[in-house]
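Residue-level structure breakdown
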Amino acid sequence: MEFNNKKLTRTTTFIHYVISFLLAIFLIGLANRIIWDIDGEDKRPYISDFEIETDIKKYRVLKQSIRDSIEGKLDAQDEVQLSINLAQNTLDQQQASFKTWISTRTATQSSQVNKEIQRRNYILDSLRASLKTFKSEKILLQSSIDSFYAEETKYNDLIHEEESKARVLYLEADRAYNLQLFISRLLFVIPVLLLGIWMLVKKRRHSYWPLFRGFVFFAFYAFFIGLVPYLPSYGGYVRYTIGIIVSVLLGIYAIKHLKAFVKRKKEELQLSSLERSKKIKEEVAEKALENHMCPSCGKDYLINEIFQSGKSKNRSGSLKVTTYCRHCGLQLFKNCKTCDTKNYAHLPHCYSCGDQIITK
Ligand SMILES: [Zn+2]
Ligand SMILES: [Zn+2]
């Protein structure tokens, strides 16, 4: 069976990332469900809540009663107009019939005829009188309608005024509500973020690191992406400020640890080459061999025999491996005790006979 170490490492890394992402996805889903879906719709302010605090309702009732009066007057006016039309028609008819009658009866002058003229004139006069009454009634109605219209306009203005008062109150309450919502979300996200940072700093060497890393992904997502739709307009300040603080802290942490790492490496180089070779891990040794580097100080061990430098190896002359590192003195190659073949000194077994190279 072929045992490919590199492939195994790659597969393991891949599976670890899958675990991290899966955990992060489910954590994000759960957090969305718990915290952000509960918007508290019933506690959200509405503009109607603030209209109560103004005189808007009173004015609306008054305006409605005026509107009713206007409708009533308009109906009455329509009726009067009908009466006017009727009276006008009757008058026209009577006048026409009187004209015809008078033109046919002028020849014979009699007292009977005079009486008939008087009767007809009387009818015409009374018709004219009632038409006049109707017309003046219509004018009166129109003037009262006009005054109602003026009053309605006045109440419309008052209602608008009260509406804008309610709007100001509503906007204030809405801003306060959104801020409160944002703060409660922030109070949930900040501990998550801090926990994530703590895991990132403290748990990287833990054997369950892929799970911790899932939480770290979730924490950063929750803070930098999850909060975005809920940010009030000034929320950007909060996010960027905290982002800056987090980057600075992580930066300080990384710089400090790099410094410590370099210091440790330097101290290691102070140790005897025997002690150092004991501390070299197999995967480091393997990687160093692949890149023809000293596993302790990281410098190239291949040299060009003419130039004594690895860098000019492409020019001329053949390349040669050095048994000892020229920079730190670590032994790089040694002969097998059993078969005397020259072997890389930091892998466990001799490639020729399989005997142990590193003796622990
Ligand atoms: Zn070295
Ligand atoms: Zn051997």
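1. Some points on the coordination of the zinc ion (ligand 1)
In ideal tetrahedral geometry, four donors around a metal make angles of 109.5 degrees, whereas ideal octahedral geometry with six donors gives angles of 90 or 180 degrees. The coordination sphere of the zinc ion (ligand 1), as far as protein atoms go, consists of Cys294 (SG), Cys297 (SG), Cys325 (SG) and Cys328 (SG), spread over 2.2 to 2.4 Å. Around the zinc ion (ligand 1), the 4 donor atoms are arranged such that angles at the metal cover 102 to 115°; this shape is classified as tetrahedral. Read from N- to C-terminus, the donor residues coordinating the zinc ion (ligand 1) fall into the pattern C-x2-C-x27-C-x2-C. You can see Cys297 sitting in the loop between helix 8 (282–290) and strand 1 (302–304) and its partner Cys325 sitting in the loop between strand 2 (319–321) and strand 3 (333–335), a full 28 residues away along the chain.

2. Some thoughts on the pattern of salt bridges
Following the criterion strictly, the structure yields 9 salt bridges and no others. Note that Arg44 is salt-bridged to Asp174, the shortest N-O span being 3.9 Å. Taken together, the residues span a long stretch of sequence, with Arg44 in the loop between helix 1 (5–36) and helix 2 (47–51) and Asp174 in helix 4 (residues 111–202) at a distance of 130 residues. Taking the relative accessible area as the measure of exposure, Asp174 reaches 16% and is therefore buried. Residues Lys165 and Glu162 are paired through a salt bridge, measuring 3.0 Å at the closest nitrogen-oxygen approach. Highlighted residues: Lys165 and Glu162, both in helix 4, separated by 3 residues, approximately one helical turn. The structure contains a network of salt bridges with shared partners spanning Glu51, Arg60 and Glu163.

3. Describing the environment of Leu158
Among the structural elements, Leu158 can be located in helix 4. For Leu158 and Arg60, which are 98 residues apart along the polypeptide, the C-alpha to C-alpha distance reads 9.4 Å.

4. Regarding the coordination of the zinc ion (ligand 2)
Around the zinc ion (ligand 2), the protein contributes the donor atoms Cys336 (SG), Cys339 (SG), Cys350 (SG) and Cys353 (SG), which lie 2.2 to 2.3 Å from the metal centre. Coordination geometry of the zinc ion (ligand 2): the 4 donor atoms subtend angles of 104 to 113° at the metal centre, consistent with an arrangement described as tetrahedral. Sequence positions of the donors to the zinc ion (ligand 2) reduce to the motif C-x2-C-x10-C-x2-C. Taken together, the residues Cys339 in the loop between strand 3 and strand 4 (342–344) and Cys350 in the segment after strand 4 connect sequence positions 11 residues apart. Here Cys339 falls in the partly exposed class, since its relative accessible area comes to 30%.

What counts, and where the lines are drawn
Residues numbered from 1 in each chain as written. Chains lettered and ligands numbered in written order. Predicted model: local features only at pLDDT ≥ 70, side-chain atom pairs only at ≥ 80, totals over all residues. Heavy atoms only, no water. Donors = N, O, S within 2.8 Å, 3.2 Å for Na, K, Ca; no water. Tetrahedral: all angles 85-135°; square planar, octahedral: opposite > 155°, others 65-115°. Helix = DSSP H or I, 4+ residues; strand = E, 2+ residues; numbered from the N terminus. Salt bridge = Lys/Arg side-chain N within 4 Å of Asp/Glu carboxyl O. Buried < 20%, exposed > 50% of the residue type's maximum accessible area, 1.4 Å probe, protein only.

On their own, these measurements won't tell you what the molecule is for.
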